[in-house]
Amino acid sequence: MTQQYATIVSNADYQKLFDFEVAKVQFNAVGLNCGAYYIGNNIGSADDFPYYLDEKMTDQLKAQLPVEQYITSNFPPAFVMTSSHDFLKEAGIKFAQFLIAKGNEVYFKIYANTDGAELNHVFHIDQKSAIAKECNLDQLDFFRKHMH
């Protein structure tokens, strides 16, 4: 959802596809952690994420998805991360490459345990984990560089 709202804010044409008032905010940067991207690629069905799409693919959703078709070079600098065994890892890699190809500033990293042990989806929320701490500190450093 962070990716979608950052796209709404950074693309006036995309913003017009929504029936709510968009807050007058500007992102200095965004953090996209172990994210799901390309939601709605199976246009015509809600197979991607039924809980996100309320099990229906309406005409409005068909116009709004996938979000990536509306991302421009105005998209904010992005911290994109995933982990070695995240079930969404390949989507994270593809999305980071997509942003770079668009000319966007991207910090991308695949976090992995040095001993090869599995590091799964949303590992960064484990506050007792050294690798989670590393990831969160990397993200804080990224955000500090973009504070104005």
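Presented here is an overview of the structure given in this document. (Residues numbered from 1 in each chain as written. Predicted model: local features only at pLDDT ≥ 70, side-chain atom pairs only at ≥ 80, totals over all residues. Heavy atoms only, no water.)

### Brief notes about the pairing of strand S3 (residues 106-111)
To be explicit about the condition: Strands were regarded as paired on the criterion that DSSP finds at least two bridges between them. A run of H or I in DSSP counts as a helix once it spans at least four residues, and a run of E counts as a strand once it spans at least two, with each numbered from the N terminus. Handedness of a crossover: with both strands directed away from the viewer, a clockwise path from the first strand across the helix to the second marks it as right-handed.
Sheet analysis places strand S2 (residues 78-83) next to S3, joined by six bridges and oriented parallel. The residue of S3 that forms the bridge with Ser83 is Tyr111. In terms of handedness, the path from S2 via helix H5 (residues 89-101) over to S3 forms a crossover that is right-handed.

### A closer look at the pattern of salt bridges
For the record, the criterion: Any carboxyl oxygen of Asp or Glu within 4 Å of a side-chain nitrogen of Lys or Arg constitutes a salt bridge here. Between buried and exposed lies partly exposed: a residue is buried under 20% and exposed over 50% of the maximum accessible area for its type, with that area taken using a 1.4 Å probe on protein chains only.
Summed over all chains, the structure comprises four salt bridges. When the shortest N-O distance is used, the salt bridge between Asp13 and Lys16 registers 3.8 Å. Given the relative accessible area of 53%, Asp13 is considered exposed. Note on Lys16: relative accessible area 66%, which makes it exposed.

### What to know about unusual backbone geometry
Residue Pro66 is reached from Leu65 by a cis peptide bond, and omega for that bond is -5°. By the element assignment, Pro66 lies in the loop between helix H4 (59-64) and S2. For Cys34, which is not glycine, the phi dihedral falls at a positive 50°. Tracing the chain through its elements places Cys34 in the loop between strand S1 (30-33) and helix H3 (50-53). One non-glycine residue with positive phi stands out, namely Val122, at about 50°. Looking at the secondary structure, you find Val122 in the loop between S3 and helix H6 (130-145). For Val122, a relative accessible area of 31% corresponds to the partly exposed category.

In short, geometric facts, not functional conclusions.
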